[in-house]
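Tertiary structure, described
Listed here are the chains, written in short residue letters.
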Amino acid sequence: MNTARFLLLAGALLLLNPPSHADWLRTVNDGFTADWTDWPLSASDPAGDGTPDLRSLQAARDESALSFRLLCGTEFLLQDDYALKMVLDTDCNPATGTLTEGLGAELVWTFNSKSGIYRSGATSTTVHHDDLALRALPAWSQSDFEIRLDLGARPDGSHLLFPMDSLRVVFYTPGGDRLPGTGFVTVQLGTGSLPALPVTSPLRPGDGSLRIAAWNVLYGNIFNTAAATTAAYDRILTALAPDVISFEEIWDQSAAQLQTRLGQLVPELGPWTAVKLDSGNIIAARYPIRQSWLVQSGYRETAALIDVSAVLGDSLLFIANHLRCCTADAQRQDEADGLIQFLHNARNVGGAITLRAGTPMVLAGDFNLVGERQQYVTLTTGDIVDNASYGPDSPPDWDGSALADLTPLFPGLPESATWWDNGSTFSPGRLDLILYTDSVLENLRSGIVATPFLTATQLSDWGLQSGDAWTASDHFAVWGDFRRLVTTLDPPALRIERQANGSLSLLWDPVSGATNYRLEQRLSLDAPWISLWVQSTVGWSLPSPNTNDLRLYRVIALN
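Rules used in this analysis
- One numbering rule holds for all chains: residues counted from 1, following each sequence as written.
- Under the rules for a predicted model, residues below a pLDDT of 70 receive no local features and side-chain atom pairs below 80 are neither given nor counted, while totals for whole chains, interfaces and linings still include all residues.
- Side-chain measures here rest on the full set of heavy atoms in the structure, leaving out hydrogens and waters.
- Here is the rule: rings of Phe, Tyr and Trp (six-membered ring for Trp) pair when centre to centre is within 6.5 Å. Planes less than 30 degrees apart are stacked, more than 60 are edge-to-face, and the remainder are tilted.
- Segments assigned H or I by DSSP are reported as helices when at least four residues long, segments assigned E as strands when at least two residues long, and all are numbered from the N terminus.
- Between buried and exposed lies partly exposed: a residue is buried under 20% and exposed over 50% of the maximum accessible area for its type, with that area taken using a 1.4 Å probe on protein chains only.
- The rule for a salt bridge is simple: a side-chain nitrogen of Lys or Arg has to be within 4 Å of a carboxyl oxygen of Asp or Glu.
- Here the rule is simple: two strands pair whenever DSSP picks up at least two bridges between them.
- Should any heavy atoms of two residues lie within 4.5 Å, those residues are considered in contact.
- Under this scheme, a helix contributes an axis fitted over its contacting stretch, all axes are lines through C-alpha atoms, and angles between N-to-C directions fall in the 0 to 180 degree range.

Bringing the packing of aromatic side chains into the picture now. Summed over the entire model, instances satisfying the criterion amount to 18 aromatic pairs. Plain terms: the ring middles of F68 and F171 are 5.7 Å apart, the flat faces sit at 80° to each other, and that makes the pair edge-to-face. One end of the pair, F68, is in strand β5 (residues 65-76); the other, F171, is in strand β14 (residues 166-172), with 103 residues separating them in the sequence. No difference in accessibility class separates F68 from F171, as the two residues are buried. An angle of 40° between the planes, with centres 6.0 Å apart, marks the rings of F410 and W420 as tilted. With F410 in the loop between β25 (404-405) and β26 (432-436) and W420 in the loop between β25 and β26, the pair connects residues that are 10 residues apart, well separated along the chain.

See the structure below:
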């Protein structure tokens, strides 16, 4: 029997079952791979024997998808560099499919051509990412990738890509490297179960938090007065109800015009203030904008100091971003370097702006991180590349640490892509980010308004329709709820007790001076903490753990 193990820490609880290869694995498709750490390798390969130096492969499934983690010794752009191929023999029959690498491959996918060949019987079909529901992250250069395919995919519109409970896999580059070095990897899809991911509603909980959002609205489509488009924006903004939001790609309209349009779409949320200093970003807020600055001339980076003292007890420095797209790596690095220089000046005397120490800061928008990984490194850690032009490296948080990356997910789904265009050759990517100073800000919950992937119940409960997001834009709106991080009391000492009926309870003794306790949960070691409730009680009934169930809980005493 695979029994649960519990680890009690000061103020935190970890529920963990060691992974078994026959079990399913909960991985979050966000381009970060800490959730694979304890999962066994499916194959490994020596270093330095080819390009892009394929090192190891892990494979796992969940309720709906098969995922691979591909680790390489070379940093590269998965969808641009090399001719890396993924070969899948999904019926484990060398006599069917395309004969290649010793397999009868139903699918041969070439990442840099962004297409593949699917063969069923005597018929070959050219397929693209939308035919397979293929997602590969991160979109920036990396040596460690997550690749995800829906188990229900029908590449030719008829036949299942995965008709059996096992398949054979090879990754290789022609004339380069191969994983495994010889033969193939057999992946057992197996049976199992996983705890459901929390479903985070976009509806405001009324807890006094500040909601921050970002949305690329596709060539100013928010001003499209067609009935269907207007209705989609109305429903999404009504459900989202942001306090501060960055709109990108509003090229032809002014801040005043956006204020008018928001008043037409969601009058119940007004009045709005707004500012536009660059060519395409507009910051809109339901709080006063006290000052604003163009971060760098010629770039789409606008900063505003917003008076949110009613919520956070302070002002907020909010920077709207729409970095250059595609192959403009040099410009995008300049934009990232300039943002860090601006934040450095904001935290120190001198420059265009000097903030009071500890002022919350948030960077949000469409960062278009589809090139060199260094741009993400710069934005989060403050590692400036062009020090001669932009000054010394400068960790951007007040405590000398990196900015936190919010990494919101679809409601109830392990997906983080914010740009999803089935008409594009590129597979979905996480382009829209919210970065924040977690030394002074605490995130309570977050999400992505991905209406095509919501259940009928969710759509009905939240007043949305399935097609709303794609009617509005090719980007999904991203959001997070924040409050000021306050000094807490001593952490409660946690314990678990089994009740007479067999259920489990998480309990703790009262903490001196505490008036309330906040219970938080996360489902992987690198996932954000999600607030479940704030109340005065000193106990909670735990859900019964499943096989391979990982849940982390922490309790924070508040006054």
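What the rule picks out here adds up to 26 salt bridges. The salt bridge involving R211 is made with D481; its shortest N-O contact spans 2.7 Å. Of this pair, R211 sits in strand β17 (residues 210-216) while D481 is found in strand β28 (residues 478-484), placing the two residues 270 residues apart along the sequence. Accessibility classification places R211 together with D481 in one group, the buried group. The salt bridge involving R484 is made with D314; its shortest N-O contact spans 2.9 Å. Of the two residues, R484 is situated in strand β28 and D314 in the loop between α4 (309-312) and β23 (315-322); the sequence distance between them amounts to 170 residues. Overall, the relative accessible area of 22% leaves R484 in the partly exposed class.

The next point concerns the sheet that holds strand β13 (residues 142-150). Each strand in a sheet pairs with another by means of backbone hydrogen bonds, the pair being arranged parallel or else antiparallel. With antiparallel pairing, the five strands of this open sheet are ordered in space as β3-β4-β5-β13-β12. Bordering the open sheet on either side are β3 (43-44) and β12 (135-137), each of which pairs with just one other strand. Where β5 meets β13, eight bridges bridge the pair, whose relative direction is antiparallel. Bridged to L71 within β13 is D144.

Within helix α6 (residues 374-381), six of the eight residues are buried, which leaves it mostly tucked inside the rest of the structure. All of the buried residues in α6 are Q375, Y376, V377, T378, L379 and T380. Turning to α6, the residues buried within the fold contact α5 (329-347), β25 and β26. Directly beyond the C-terminal end of α6, a positive phi value near 85° is found at G382.

What follows concerns the sheet that holds strand β30 (residues 504-508). Taken together, three strands build an open sheet; the order of strands is β29-β30-β33 and the sheet is antiparallel. This sheet does not close on itself; its edge strands, each paired only once, are β29 (494-498) and β33 (539-542). Across the sheet, the axes of successive neighbouring strands diverge by a mean angle of 25°, strand direction being ignored. Inspection of the sheet shows β29 paired to β30 by five bridges, in the antiparallel sense. Each residue of the ladder has a partner; that of I496, found in β30, is L506.

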